[in-house]
Amino acid sequence: MPGVIVREDENFEEALKRFKKQCERAGILSEIKKRERYEKPSERRKKKALAARKKLLKRLKMMKRR
């Protein structure tokens, strides 16, 4: 769980920026977006297969350029 202690010489905007960065590193925002609505297991499998296919095509393009 990210937490920020505001320093004496630090303004609120800087502390908020550090907090947002910690949340991003922890992956909280992506987790929230993923859990916004229920995803059926079949949808999850389809999404995973599509991501794997995209990754493979990208890798093939990179190898072709060389």
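I will try to describe carefully the structure that is included in this document. (Residues numbered from 1 in each chain as written. Predicted model: local features only at pLDDT ≥ 70, side-chain atom pairs only at ≥ 80, totals over all residues. Heavy atoms only, no water.)

Let's shift gears to a nonpolar patch on the surface. On the surface, a nonpolar cluster with roughly 290 Å² of combined accessible area is contributed by Phe12, Leu16 and Phe19. If you trace the backbone, Leu16 turns up in helix α1 (residues 12–26). The partly exposed category is assigned to Leu16, whose relative accessible area is 33%. (Patch = residues over 30% accessible without salt bridge, like charges linked within 9 Å, V, L, I, M, F, W, Y side chains within 5 Å. Areas by Shrake-Rupley, 256 points an atom, 1.4 Å probe, with all protein chains shown as cover. Salt bridge = Lys/Arg side-chain N within 4 Å of Asp/Glu carboxyl O. Helix = DSSP H or I, 4+ residues; strand = E, 2+ residues; numbered from the N terminus. Buried < 20%, exposed > 50% of the residue type's maximum accessible area, 1.4 Å probe, protein only.)

Attention now goes to the side chain of Glu39. Structurally, Glu39 is set in the loop between α2 (28–34) and α3 (41–65). When its relative accessible area of 15% is taken as the criterion, Glu39 is described as buried. At 2.8 Å, the side chain of Glu39 and the side chain of Lys47 are in polar contact. Other than its neighbours up to four places away in sequence, Glu39 contacts Arg44 and Lys47. (Polar contact = N/O pair within 3.5 Å; in protein donor to acceptor, adjacent residues only side chain to side chain. Contact = heavy atoms within 4.5 Å.)

This model, assessed by the stated rule, comprises five salt bridges. The salt bridge partner of Arg44 is Glu39, with a shortest N-O separation of 3.9 Å. With relative accessibility at 47%, the residue Arg44 sits in the partly exposed group. With a closest N to O distance of 2.8 Å, Lys47 and Glu39 form a salt bridge. Assessed through its relative accessible area of 54%, Lys47 is described here as exposed. Three or more residues are tied together by salt bridges with common partners; here these are Glu31, Lys34 and Arg35.

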